[in-house]
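Observations on chain architecture
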Amino acid sequence: MKRRTVAFLMAVLLLAGCLFSCTGDQQSSRSEGGSSDGSAVAPESTTSLMLNHLGERNLDGFELVILSTTEEVPFGDIQFATDELNSDPVNDAVFERNNLIEELYNCKISVKYCAEGEDFCTRVTTDCLSGTVDYHVLASGISTTGLAKLAADGLLYDLYALEDSHLRLDSEWWDQQALKQLSIDNKLYFACGDVVITDDEQTSMLFFNRDLIDEYSLEDPYQLVRDGKWTMDKMYEMCKTVAHDGGDGVMNIEGEEDYWGLIGAAFDCYKFILGGNAAMVTKNADDLPVISVTDQHNIDVFQKVYEFMTDRSRVAYWEQYYRWDDYDNGQKLYDQFYAGRVLFFANIIATMNGPQMLDSTIRFGVLPLPKYNEEQQDYCCTINPYKFTCLSLPRDTFVDVEKSTFLLEALAYYNWNEVTSLYYNTTLKSKRLLDESSEEMLDIIFSNKIIDLANIFNWDDCIQYYNQMIMGAGNAVVSFMESRESRMQAGIDQTIELFRKLN
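This section reports on the structure supplied with the text. (Residues numbered from 1 in each chain as written. Predicted model: local features only at pLDDT ≥ 70, side-chain atom pairs only at ≥ 80, totals over all residues. Heavy atoms only, no water.)

Concerning the overall build of the protein
- A count of helical and extended segments in the protein gives 19 helices and eleven strands.
- Expressed as a percentage of its 503 residues, the buried residues of the protein come to 59%.
- Looking at the protein alone, contacts between residues at least 24 apart form 76% of all its contacts between residues at least 6 apart.
- Of the accessible surface of the protein, which amounts to about 20700 Å², a share of 46% is contributed by carbon and sulfur atoms. (Helix = DSSP H or I, 4+ residues; strand = E, 2+ residues; numbered from the N terminus. Buried < 20%, exposed > 50% of the residue type's maximum accessible area, 1.4 Å probe, protein only. Contact = heavy atoms within 4.5 Å. Areas by Shrake-Rupley, 256 points an atom, 1.4 Å probe, with all protein chains shown as cover.)

Here's what the structure looks like:
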């Protein structure tokens, strides 16, 4: 993950040299299509430098078209295709990647976006039903406003059942942990990994104020993480130490005297619970969803999260003061962190290089979400389902599965070798974060994603269950679920039945 930029440049130069020195035999082999099973035709093949498992190939000018909704998010406008070099490491690596792959395979890689105000699901549904699909791959969030809805409507291919597919979904350049969690009934309709960047960007974590850690002589959070002692209790203990009002007896999110332990949004309650390895839905031995909200572990984790999330003297979340979509006013809460008056700030990786963080003068660090207790084996960081980008193939005769998957595999494998490390370094570009500990924390955050199917398919709007409880419905999670579980189960059953009907 941390390979140096110089290694990438050397590889590019090597590959470029090979392209100009191909022998007549190599050209002949390419015109014949290489080996029939897609394996490397010879150790000295041009593609053996970076794409050896795909072999040589002539795609006869095939253009892979990706329909994406990622244009407005960081890296979303360049992760698939970019028109020019601009000295940005990731942009330039993608530019070189596409040039090399297009030259190697006689193809074209392009991306298109929905028009302003155009609904992604509506467009794809209309195109599939009317036979007007003019793209091969979909790139969007996996929530019910994105790919999950299309899957539930039967409009996506099962990636595990594709004939003539070149996707090696069991390889490390595909996110194995995510794929295992995203399948239902051993069917997979969306995939992520090194082929995209905006999946990592939408991963949840915590920022912390390093100056306040020093000022209050608190334990080093980095060392707590290393020792397996970074827990919810430890975080809350620190919050209690730092949080205080400025003397008027009232905690004010718009003032300049009050200090907070933790800020975020109501949905962070759900994220913290998932950080405690307590998904609403787990899966049984048959890969089928099972409601687990009322399992004892889940109840225990919820109670602990409920305790600190409702402590209004130390913790503040957006919806306590403003509507969830009141961005102008809501930003006032987040500004408290940028001004240095908050110890912990729950958000996503993409916030790290946002303008507010970059303009702030505070020294900050990054941490995984805390464990429920020290006995929990791994730190778990969940995702923003609305913008966590996955790839799917629409069920339409326009889609050339064989060529499309060939190029997706090439993009994923190449990124794994060269582009991901550059993104990683770009994520760390802020001088306030350039330390080995932060890099170590990002390794943990990225490698331990927990994806709750309830968060993706949102059966009976269950994504709001925890929000409703912390915002007034109380902490009696068992009785709360008793009136809702049958509806949630009906939604799960309907999804399973639909997926089983699809070929």
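A look at empty space enclosed by the protein
- Using the criterion set out here, one finds one cavity of 30 Å³ or more in the structure.
- In this model, the largest cavity occupies a volume close to 40 Å³.
- Every residue along the wall of the largest cavity is listed here: L159, L167, W174, A191, L391, S392, L393 and L408.
- When the residues that make up the lining of the largest cavity are grouped by side-chain class, the tally is seven nonpolar, one polar and no charged. (1 Å grid on protein atoms, 1.4 Å probe; cavity = no way out; pocket = protein on both sides within 12 Å on 5 of 7 lines; lining within 4 Å. Points joined across faces, edges and corners; volume = space filled by probe spheres on them. Nonpolar A, V, L, I, M, F, W, Y, C, P; charged D, E, K, R; others polar.)

Some thoughts on a negative patch on the surface
- On the surface, a cluster of negative charge is made up of E71, E72, D77 and E116.
- Locating E72 in the fold gives a position in the loop between β1 (62–68) and α3 (89–105).
- The class for E72 is exposed, based on a relative accessible area of 72%. (Patch = residues over 30% accessible without salt bridge, like charges linked within 9 Å, V, L, I, M, F, W, Y side chains within 5 Å. Salt bridge = Lys/Arg side-chain N within 4 Å of Asp/Glu carboxyl O. Lys, Arg positive; Asp, Glu negative; His and termini not counted. Charge placed at Lys NZ, Arg CZ, Asp CG, Glu CD.)

Concerning the sheet that holds strand β3 (residues 137–141)
- The four strands are arranged β2-β1-β3-β11 in an open sheet whose pairing can be described as mixed. Taken across any chain shown, the strands that pair with only one partner, and hence form the sheet edges, are β2 (107–113) and β11 (389–392). When strand polarity is set aside, the average angle formed by the axes of neighbouring strands in this sheet is 25°.
- As paired strands, β3 and β11 are joined by four bridges and run antiparallel to one another. Within β11, the residue paired with A139 across the bridge is L391. (Pairing = 2+ DSSP bridges. Axes fitted to C-alpha atoms, helices over the stretch in contact; angles between N-to-C directions.)

Notes on the pairing of strand β4 (residues 204–209)
- Counting buried positions along β4 yields six of six residues, so the element is predominantly enclosed.
- Judged by which residues are buried, β4 turns out to be covered on both faces: S204, L206 and F208 on one side and M205, F207 and N209 on the other are all buried.
- Looking at chain direction, β4 and strand β9 (residues 342–348) are connected through five bridges and run antiparallel. Within β9, the position partnered with L206 by the bridge is A346.
- Pairing geometry for β4 and strand β10 (residues 364–367), over four bridges, is antiparallel.

Things to note about unusual backbone geometry
- Positioned with a positive phi, D60 is a non-glycine residue whose angle comes to about 55°.
- Structurally, D60 can be placed in the loop between α2 (24–31) and β1.

So, the packing of aromatic side chains
- The tally for this structure, following the rule as stated, stands at 30 aromatic pairs.
- Summarising the aromatic geometry, the rings of Y189 and F499 are spaced 4.7 Å apart at their centres and angled 45° between planes, so their arrangement reads as tilted. In this pair, Y189 is assigned in the loop between α6 (176–182) and β4 and F499 in helix α19 (residues 485–501), connecting sequence segments 310 residues apart. Considered together, Y189 and F499 belong to a single accessibility category, that of buried residues.
- For the pair W318 and Y334, a centre-to-centre distance of 5.2 Å together with 75° between the ring planes defines the contact as edge-to-face. (Phe/Tyr/Trp six-rings, centres within 6.5 Å; stacked < 30°, edge-to-face > 60°.)

A word on helix α4 (residues 120–130)
- Of all the positions in α4, only F120, C121, R123, V124, T125, D127 and C128 are classed as buried.
- The inward-facing, buried residues of α4 contact β1, β2, β3 and α5 (147–152).
- The backbone nitrogen of C121 has a side-chain oxygen 3.3 Å away, supplied by the residue at the start of α4, namely D119.
- Positive phi appears at G131, one or two residues downstream of α4, with a value of about 70°. (Polar contact = N/O pair within 3.5 Å; in protein donor to acceptor, adjacent residues only side chain to side chain.)

Things to note about the packing of helix α10 (residues 268–275) against helix α11 (residues 296–309)
- Relative to each other, α10 and α11 sit at 140°, their axes nearing to 9 Å. Compared by their axis directions, α10 and α11 come out oblique. α10 and α11 meet at a crossing whose hand is right-handed. Of the residues in α11, those in contact with D268, C269, F272 and I273 of α10 are V301, F302, V305, F308 and M309.
- Of the residues belonging to the contact of α10 with α11, the class tally is eight nonpolar, no polar and one charged. (Parallel < 35°, antiparallel > 145°, perpendicular 65-115°, else oblique. Left-handed = near helix turned anticlockwise from the far one by under 90°.)

What about the environment of D158?
- Positionally, D158 belongs in the loop between α5 and α6.
- Residues D158 and P394, spaced 236 residues apart in sequence, show a C-alpha to C-alpha distance of 9.7 Å.
- Setting aside residues up to four positions removed in sequence, D158 forms contacts with N186, K187, L188 and Y189.
- Engagement of the side chain of D158 in a polar contact is seen with the backbone nitrogen of L188, the distance being 2.9 Å.

Remarks on the side chain of T203
- Within the element layout of this structure, T203 appears in the loop between α6 and β4.
- Overall, the relative accessible area of 0% leaves T203 in the buried class.
- Separated by 3.1 Å, the side chain of T203 and the backbone oxygen of D200 make a polar contact.
- Once residues within four sequence positions are removed from consideration, T203 is found in contact with N347, I348, I349, C381, T382, I383, I445, F446 and K449.

With respect to the layout of surface pockets
- Estimates place the volume of the largest pocket at around 1800 Å³.
- Lining the largest pocket are 50 residues, and of these Q202, Y327, N384, Y386 and K387 lie nearest its centre.
- Where the lining of the largest pocket is concerned, the elements lending two or more residues are β3, α10, α12 (327–338), β9, α13 (355–359) and α17 (465–473).

Description of the sheet that holds strand β8 (residues 315–317)
- Across the sheet, five strands lie side by side as β8-β5-β9-β4-β10; this open sheet has mixed pairing. Because the sheet does not close on itself, it has two edges, and the strands there are β8 and β10. Averaged over all pairs of adjacent strands, the angle between strand axes in this sheet comes to 20°, irrespective of strand direction.
- Where strand β5 (residues 260–264) meets β9, three bridges bridge the pair, whose relative direction is parallel. Opposite L262, over in β9, you have F344 as the bridge partner.

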